[in-house]
Each structure stands twice: as structure tokens, then as C-alpha cells.
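Chain residues, written in single-letter form:
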Amino acid sequence: MTKLFLLVLSFFGRKPPKPAPAAPAKLVAAPNPPPAVHPRIRTLAQQARDTVELLHRHERAHVLGVSRPSNEAAAVGWAFLEDHILPIAGYLRACIHLEMSWPLCPRGADPDDWLSSTLQLTAKQIETIVTAIRTGASLRAWRAVEDIMARDVEHQLRGCKPVTIHLGGPEARREVHLRDSYRS
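Bear in mind that the values here come from a model prediction, so they are computed numbers and not experimental data.

Draft legend 1. Local environment of the side chain of His 58. Structurally, the position occupied by His 58 is in helix H2 (residues 44-64). Contacts of His 58, omitting those with residues within four sequence positions, involve Arg 68, Pro 69, Ser 70, Asn 71 and Ala 74.

Here you go:
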């Protein structure tokens, strides 16, 4: 109907209005790319603090009322601690076995101070770690634990010279074998 009306008007000299020409496209400057976000470099102490916190949540999630991290995340955490800070990993495993609490770093505290104080605590608690080993805890030993156990065996079994044998080089797990001088 509209076309018919416009056709009649065109006979009388009226022309339909032309559509307005499209405005020329404006050149818009491309936005500046966002600045490159560099990952924050975390120190060993910060990584250890976060790993110990993750393992604490994994072991005590039912008590804390939080969701438990996955077993894979806990395995990665244990591997990190055993590769970088073996005494703390051994101390934590001993604490788990003996059902003791372990030192956590408060969020506002300096992780470097926490790490050094935890290493000092671990050095003082070697006897606790040896007790955990004797009661069945499974952990990788380090030199201080090996020395304490060798001295303890030497004192308990008079005349016995304990020999520490490192199988497969420094990468293998350390094992302590006792050789009784009277029976061999």
C-alpha cells in the first residue's frame, strides 16, 4: 500500500526522500594493550609455608571444617618438601604418625622467620623423629637422623659398629643396615 501511495506522489512531482548517506567511518585508535603481568616470584620460604598449609588442610580438613585438597595436590606438596626441605618433610611425617600438631606460619608473619624457626625446632626434635621411625613412620632420613640412629644403636648394642650404606648414590633413599661384629 505504501508503494502505491509513493507511486502516485511521484506522478505529481514529489520524489521520495533519499536516505541520508552513511557517516564516514571514524578511525578509532586501538586501545593500548594491557601491561604484561609478570608472575610474582615466590621465595622458598613462601612456597614452603603454602605447602605446609596445604598439607595441614589435607590432613585435618575434617576437624577444620574446610574442603580437603586432592590427593594429587598433597602428593605434589610432599614431593616439593622432600626435594627442597627434607628435614621439615620428615618432621611433618613424624608429627602425623605421632598425632602431634606441627608449626604453621600465621598469615601476617614473615615466612623466612617461620622457616628458620621451624628448621631449628626440627633440629631440636630429632629424638621425636627417631621415635616416630621406630614406631613405624615412613619417611626419608637425612644425615642428622642417620647419625642419631647410628649413635643410639652403638650405645644399645655394645661392641656393634653401625654402618650406613647409601644405595644407588645420593638420589636413592638412604637405608641403615646394622652389622653385628660378634656374629659376622
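Draft legend 2. Main features of the environment of Arg 107. If you trace the backbone, Arg 107 turns up in the loop between helix H4 (86-98) and helix H5 (111-124). Since its relative accessible area comes to 53%, Arg 107 is described here as exposed. Residues Arg 107 and Arg 49, 58 residues apart in the sequence, show an inter-C-alpha distance of 9.2 Å. Here Arg 107 is in contact with Arg 49, Asp 50 and Glu 53, once residues within four sequence places are set aside. Here the side chain of Arg 107 touches Asp 50 through a polar contact of 3.4 Å, side chain to side chain.

Draft legend 3. Broad picture of helix H7 (residues 143-156). Taking 1.5 Å per residue, 14 residues should reach 20 Å; H7 reaches 20 Å between its end C-alpha atoms and fits that length. Within the span of H7, buried status applies to Val 145, Glu 146, Ile 148, Ala 150 and Val 153.

Draft legend 4. View of the nonpolar core. Formed by 31 residues in total, the largest nonpolar core has its most connected members in Leu 55, Leu 81, Leu 92 and Ile 129. Counting residues per element, the ones that place at least two in this core are H2, helix H3 (71-84), H4, H5, helix H6 (126-134) and H7. No other element matches H4, which puts seven residues into this core. When neighbours within four sequence positions are excluded, Ile 129 is seen to be in contact with Tyr 91, Ala 94, Thr 122, Leu 139, Trp 142 and Val 145.

Draft legend 5. Geometry of the packing of H3 against H4. Following both chains from N to C, one finds H3 and H4 inclined at 130°, their axes separated by 5 Å at the closest point. Comparing the axis directions of H3 and H4 gives the class oblique. Contact residues: H3 offers Trp 78, Leu 81, Glu 82 and His 84, while H4 offers Leu 86, Ala 89, Leu 92, Arg 93 and Ile 96. For the contact of H3 with H4, the class distribution of residues is six nonpolar, one polar and two charged.

Draft legend 6. Examining a nonpolar patch on the surface more closely. On the surface, Leu 4, Leu 7, Val 8, Phe 11 and Phe 12 cluster together into a nonpolar patch covering about 600 Å² of accessible area. The residue Leu 7 is located in helix H1 (residues 2-11) in this model.

Draft legend 7. Region of the structure containing the confidence of the model for the protein chain. Taken over all residues, the pLDDT of the protein chain has a mean of 80, while the share at 70 or more is 80%. Within the protein chain, strand E2 (residues 174-177) has the poorest average pLDDT of any element, 50, and H3 the best, 93.

Draft legend 8. Structural view of unusual backbone geometry. Within the chain, Glu 99 stands out as a residue other than glycine whose phi angle is a positive 55°. If you trace the backbone, Glu 99 turns up in the loop between H4 and H5.

Draft legend 9. Here's a closer look at H6. Within the sequence span of H6, burial applies to Ile 126, Thr 128, Ile 129, Val 130 and Ala 132. Tucked inside the fold, the buried residues of H6 contact H4, H5 and H7. Positioned one or two residues after H6, Gly 136 has a phi angle of 115°, which is positive.

Draft legend 10. Highlighting the environment of His 97. The topology assignment puts His 97 in helix H4. On the basis of relative accessible area, His 97 is assigned to the partly exposed category, the value being 34%. Excluding residues within four positions of it along the chain, His 97 makes contact with Ala 132, Thr 135, Gly 136 and Ala 137. Within the local environment of His 97, its side chain forms a polar contact with the side chain of Thr 135, the two groups lying 3.0 Å apart.

Draft legend 11. Just the pattern of salt bridges, in detail. Taken as a whole and judged by the stated rule, the model has five salt bridges. Ionic pairing is found between Arg 107 and Asp 50, a salt bridge with its closest N-O pair at 3.4 Å. With Arg 107 in the loop between H4 and H5 and Asp 50 in helix H2, this residue pair connects regions lying 57 residues apart in the sequence. Note that Glu 82 and Arg 93 form a salt bridge whose closest N and O atoms lie 3.1 Å from each other. Separated by 11 residues along the polypeptide, Glu 82 in helix H3 and Arg 93 in helix H4 bring together distant segments of the chain. For Glu 82, a relative accessible area of 17% corresponds to the buried category. Of the residues examined, Arg 93 reaches a relative accessible area of 25% and is grouped as partly exposed.

About the thresholds
Residues numbered from 1 in each chain as written. Predicted model: local features only at pLDDT ≥ 70, side-chain atom pairs only at ≥ 80, totals over all residues. Heavy atoms only, no water. Helix = DSSP H or I, 4+ residues; strand = E, 2+ residues; numbered from the N terminus. Contact = heavy atoms within 4.5 Å. Buried < 20%, exposed > 50% of the residue type's maximum accessible area, 1.4 Å probe, protein only. Polar contact = N/O pair within 3.5 Å; in protein donor to acceptor, adjacent residues only side chain to side chain. Expected span 1.5 Å × (residues − 1). Core = buried A, V, L, I, M, F, W, Y, C linked by side-chain atoms within 4.5 Å. Axes fitted to C-alpha atoms, helices over the stretch in contact; angles between N-to-C directions. Parallel < 35°, antiparallel > 145°, perpendicular 65-115°, else oblique. Nonpolar A, V, L, I, M, F, W, Y, C, P; charged D, E, K, R; others polar. Patch = residues over 30% accessible without salt bridge, like charges linked within 9 Å, V, L, I, M, F, W, Y side chains within 5 Å. Areas by Shrake-Rupley, 256 points an atom, 1.4 Å probe, with all protein chains shown as cover. Salt bridge = Lys/Arg side-chain N within 4 Å of Asp/Glu carboxyl O. pLDDT = per-residue confidence, 0-100.

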